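Single-letter residue listing:
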Amino acid sequence: MMKILFNPFEDRTDRDVRNFLGSAFIRALHKGDHTPVAQAVSDLGRKKLPDRAHSYIKARHERYTAVLSQISSNPLLGADIYATACLLWDEALFFECHEWLEQNYRAAQGQEKKVLQAMIRTAGTFELLAYNRKKAAVSVAAKALAVLEPHLLQVPESFDIHPKMARLRAVMKDA
């Protein structure tokens, strides 16, 4: 029997779990408190969900805890939206990185807004790749690179965009 993998792009329950958990994590980041994540994990644990969802919840909870621990031990990290985004990226929390940057995108203006959108697309590219959605990932990567390349100097150093852009180029090359 083939094991069905967690896939929020193809399964509504998986998407709901990802979104619910991700929203709780973003609230936890803003509060600097693990409580929203713990509550979400508890709420989801009481639901009848497929094993793949429970595995996803457990894995995400572990990564969320690691991120929140790093931020609590370094308040300057939590105060820099771009450093936080980079930390999320490093933990392969691409959906959450996308969501974190998107909240900041809404308040941005001018070139910063364009750069944030490209950074959001960069995270989106790798979220798509995580679920084997290569065609969509290539399209999003192209849009991200089209903005990042001419605005490279406007990306804050704390996001460390260079390795991410190299990965975007590799996605384009492999298309």
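That block above? That's the structure.
Residues numbered from 1 in each chain as written. Predicted model: local features only at pLDDT ≥ 70, side-chain atom pairs only at ≥ 80, totals over all residues. Heavy atoms only, no water.

1. Concerning the nonpolar core
Judged by nonpolar contacts, the single largest core of 54 residues is most densely connected at F25, L29, L101, L148 and F159. Counting residues per element, the ones that place at least two in this core are α1 (12-31), α2 (35-45), α3 (51-73), α5 (81-90), α6 (94-105), α7 (110-130), α8 (134-148) and α9 (161-173). Once residues lying within four places of it in the same chain are set aside, the contact partners of F159 are Y82, A85, C86, C97, L101, M119 and K164. (Core = buried A, V, L, I, M, F, W, Y, C linked by side-chain atoms within 4.5 Å. Buried < 20%, exposed > 50% of the residue type's maximum accessible area, 1.4 Å probe, protein only. Helix = DSSP H or I, 4+ residues; strand = E, 2+ residues; numbered from the N terminus. Contact = heavy atoms within 4.5 Å.)

2. Quick word on the environment of A24
Its location among the elements puts A24 in helix α1. In sequence terms A24 and A40 are 16 residues apart; their C-alpha atoms lie 6.3 Å from each other. Once you skip the residues sitting within four places of it in the chain, A24 turns out to touch P36, V37 and A40.

3. Quick look at the state of the cysteines
Enumeration according to the criterion identifies 0 disulfides in this entry. Unpaired in this structure, C86 has its nearest cysteine sulfur neighbour in C97, at a distance of 8.1 Å. When its relative accessible area of 10% is taken as the criterion, C86 is described as buried. Exposure remark for C97: the relative accessible area of 0% places this residue in the buried category. (Disulfide = S-S within 2.5 Å.)

4. With respect to the pattern of salt bridges
On inspection of all chains with the given rule, the structure shows 10 salt bridges. Here R133 ties to E10 by a salt bridge, and the two come within 3.2 Å at their closest N and O atoms. A residue pair is termed long-range when its members are at least 10 positions apart, and R133 in the loop between α7 and α8 and E10 in the segment before α1 qualify at 123 residues. R133 sits in the partly exposed class, given a relative accessible area of 29%. One salt bridge connects E102 with R106, and the closest N-O pair in it is separated by 3.5 Å. E102 sits in the partly exposed class, given a relative accessible area of 24%. When its relative accessible area of 57% is taken as the criterion, R106 is described as exposed. Through salt bridges with shared partners, one network takes in D11, D14 and R52. (Salt bridge = Lys/Arg side-chain N within 4 Å of Asp/Glu carboxyl O.)

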